[in-house]
Amino acid sequence: FAAIVVGLSIATPVFLTRRNLLNIVRQSSIHGVMAIGMTFVILTAGIDLSVGSVLALTGVFCAYFEHAGLPVVLIVFGTMGAGTVVGLVNGIIITKGRVTPFVVTLGMMSVARGLTNILTDGQPISGFGDRFRYIGAGDFLGIPVPIVIFLMTLLTAAFILRNTRLGRYTYAIGGNEEAVRLSGINVDRFKIAAYAIAGLTAALGAVILTARLNAAESIAGQGYELDVIASVVIGGTSLMGGRGSIWGTLLGALLIGTINNGMNLLLIPAYWQLVVKGAIIVCAALLDRLRE
């Protein structure tokens, strides 16, 4: 991360400006919030490929709630509730149906994207009030609100993983699920909770993105699962489960955000950006495997 920062500072003088650094963290906040939920899933040795589509779907619900005139608090919690429901569906099918997470979440990715297009008819929903747009574009004590939300989510997740049964069992399930099951712990309940958290954080990302763009679009979140999974894996969370941390995910999200920003500043074509990020994921997974 330090090497990339130094390299970009030399390559372009714009990189180290306060405005650009704030822009990096602000852009990283959406992927970072979603990556926090993904950390819970990957710690259980699972995966959730549907988060980008869930973001788009819940963004539409968010827009509907705003146009219905609901208070901002109800808009936020209603949207998060919708995302949690999608996560619960993923978790229940995976645990009760004994279907691999890859297949279930791949299917949900298609279902959620299809529902988003049906609800929007392929057209953006825009025109929100200033109070709602404050979530994506406002400042709190000089700090952009998306960054504040990201930090609050980060601290909450770190507390859960370190100090609660949910956190301890999440690590344990990823380490040895059968041993946890034989200990009398309801494994399914905690795995479902992990996917529910992933859905919730995807919805929270949808609130931030919708407020920031002043629009909910059917194409929102496309490819986000790549950045989200990359943030978690690069941050040191093992794809085999049982090892990782929220603080590593924070560093991974900032690293991905910095790489995205740097490639944009250097005018690297979008197709090559996909190549770079895909290679980073493969290298991170390979290093994790070699370390084990």
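Residues numbered from 1 in each chain as written. Predicted model: local features only at pLDDT ≥ 70, side-chain atom pairs only at ≥ 80, totals over all residues. Heavy atoms only, no water.

### A look at the overall build of the protein chain
Across its full length, the protein chain carries 13 helices and four strands. Taken over the C-alpha trace, the protein chain has a radius of gyration of 19 Å; the compact-globule value for 292 residues is 19 Å, and the two agree within 12%. Taken across its 292 residues, the protein chain has 51% of its residues classed as buried. Taking contacts inside the protein chain between residues at least 6 apart in sequence as the whole, the part at least 24 apart equals 78%. Working note: accessible area of the protein chain is about 13400 Å², and carbon and sulfur atoms make up 68% of it. Between the centroid of the 19 positive side chains of the protein chain and the centroid of its 13 negative side chains there is a distance of 7 Å. (Helix = DSSP H or I, 4+ residues; strand = E, 2+ residues; numbered from the N terminus. Rg over C-alpha atoms; globule rule 2.2 N^0.38 Å. Buried < 20%, exposed > 50% of the residue type's maximum accessible area, 1.4 Å probe, protein only. Contact = heavy atoms within 4.5 Å. Areas by Shrake-Rupley, 256 points an atom, 1.4 Å probe, with all protein chains shown as cover. Lys, Arg positive; Asp, Glu negative; His and termini not counted. Charge placed at Lys NZ, Arg CZ, Asp CG, Glu CD.)

### With respect to the environment of G242
By the secondary structure assignment, G242 is in the loop between helix 11 (224-234) and helix 12 (246-265). On the basis of relative accessibility, which here comes to 24%, the residue G242 falls in the partly exposed class. Taking the C-alpha atoms as reference, G242 lies 6.1 Å from A172; in sequence the two are 70 residues apart.

### Looking at the packing of aromatic side chains
Scanning the entire structure with this criterion turns up three aromatic pairs. Relative to F132, the ring of F128 has its centre 5.4 Å away and its plane inclined at 85 degrees; by these criteria the two rings are edge-to-face. (Phe/Tyr/Trp six-rings, centres within 6.5 Å; stacked < 30°, edge-to-face > 60°.)

### Observations concerning the nonpolar core
The biggest cluster of nonpolar side chains holds 67 residues, and the ones touching the most others in it are M34, L55 and F132. It is helix 10 (residues 187-213) that provides the largest number of residues to this core, a total of 13 residues. (Core = buried A, V, L, I, M, F, W, Y, C linked by side-chain atoms within 4.5 Å.)

### Points about the packing of helix 2 (residues 18-43) against helix 10
Between two packed helices, both the angle of their axes relative to each other and the distance between the axes serve to describe the pair. As a packed pair, helix 2 and helix 10 sit with axes 6 Å apart at the nearest point and diverge in direction by 165 degrees. Here helix 2 lies roughly antiparallel to helix 10, going by the angle between them. Viewed along their axes, helix 2 and helix 10 form a crossing whose handedness is left-handed. Across from N23, R26, Q27, I30, V33, M34, G37, F40 and V41 in helix 2, the residues of helix 10 making contact are A194, Y195, I197, A198, T201, A202, L204, G205, I208, L209 and R212. (Axes fitted to C-alpha atoms, helices over the stretch in contact; angles between N-to-C directions. Parallel < 35°, antiparallel > 145°, perpendicular 65-115°, else oblique. Left-handed = near helix turned anticlockwise from the far one by under 90°.)

### Considerations on unusual backbone geometry
Here the phi dihedral of D121 falls at roughly 55 degrees; this positive angle occurs in a residue that is not glycine. Looking at where D121 falls in the secondary structure, it is placed in the loop between helix 5 (101-120) and strand 1 (125-126). According to the relative accessible area criterion, D121 is exposed, its value standing at 64%. Residues other than glycine seldom take positive phi values, yet L267 does so here, at roughly 60 degrees. Relative to the helices and strands, L267 is located in the loop between helix 12 and helix 13 (270-291). Classification of L267 by relative accessible area gives exposed; the value is 73%.

### Details of a nonpolar patch on the surface
Together, V85, V89, I93, V99, F102, V103 and L106 give the surface a local cluster of nonpolar side chains, amounting to about 540 Å² of exposed area. Those elements that place two or more of their residues in the nonpolar patch are helix 4 (72-96) and helix 5. Structurally, the position occupied by L106 is in helix 5. On the basis of relative accessible area, L106 is assigned to the partly exposed category, the value being 35%. (Patch = residues over 30% accessible without salt bridge, like charges linked within 9 Å, V, L, I, M, F, W, Y side chains within 5 Å. Salt bridge = Lys/Arg side-chain N within 4 Å of Asp/Glu carboxyl O.)

### Digging into the pattern of salt bridges
For the coordinates displayed, the defined rule picks out six salt bridges. In this structure, R181 and E177 form a salt bridge, with 2.6 Å as the shortest nitrogen-oxygen distance. Taken together, the residues span about one helical turn, with R181 and E177 both in helix 9 (residues 177-182) at a distance of four residues. On the basis of relative accessible area, R181 is assigned to the partly exposed category, the value being 30%. Linked by salt bridges that have partners in common, K96, R98, E177, E178, R181, D188 and K191 make up one network.

### A short note on helix 7 (residues 145-163)
Here helix 7 is 19 residues long and its end C-alpha atoms lie 27 Å apart, about the 27 Å a rise of 1.5 Å per residue gives. Those residues of helix 7 lying buried are V145, P146, I147, V148, I149, F150, T153, L154, A157, A158 and L161. (Expected span 1.5 Å × (residues − 1).)

### Quick look at the packing of helix 7 against helix 12
At a minimum axis separation of 9 Å, helix 7 and helix 12 run at an interaxial angle of 150 degrees. Between helix 7 and helix 12, the angle falls in the class roughly antiparallel. Each of F150, L154, L155, A157, A158 and L161 in helix 7 lies in contact with helix 12, whose residues at this interface are I246, W247 and L250. Here the contact of helix 7 with helix 12 is built from residues that sort into nine nonpolar, no polar and no charged. (Nonpolar A, V, L, I, M, F, W, Y, C, P; charged D, E, K, R; others polar.)

### Here's the deal with helix 11
Within helix 11, nine of the eleven residues are buried, leaving the element largely enclosed by the surrounding structure. Within the sequence span of helix 11, burial applies to Y224, E225, D227, V228, I229, A230, S231, V232 and V233. In the core, the buried residues of helix 11 are packed alongside helix 2, helix 3 (51-67), helix 5, helix 10, helix 12 and helix 13. Directly after helix 11, the chain includes G236, whose backbone phi takes a positive value near 100 degrees.

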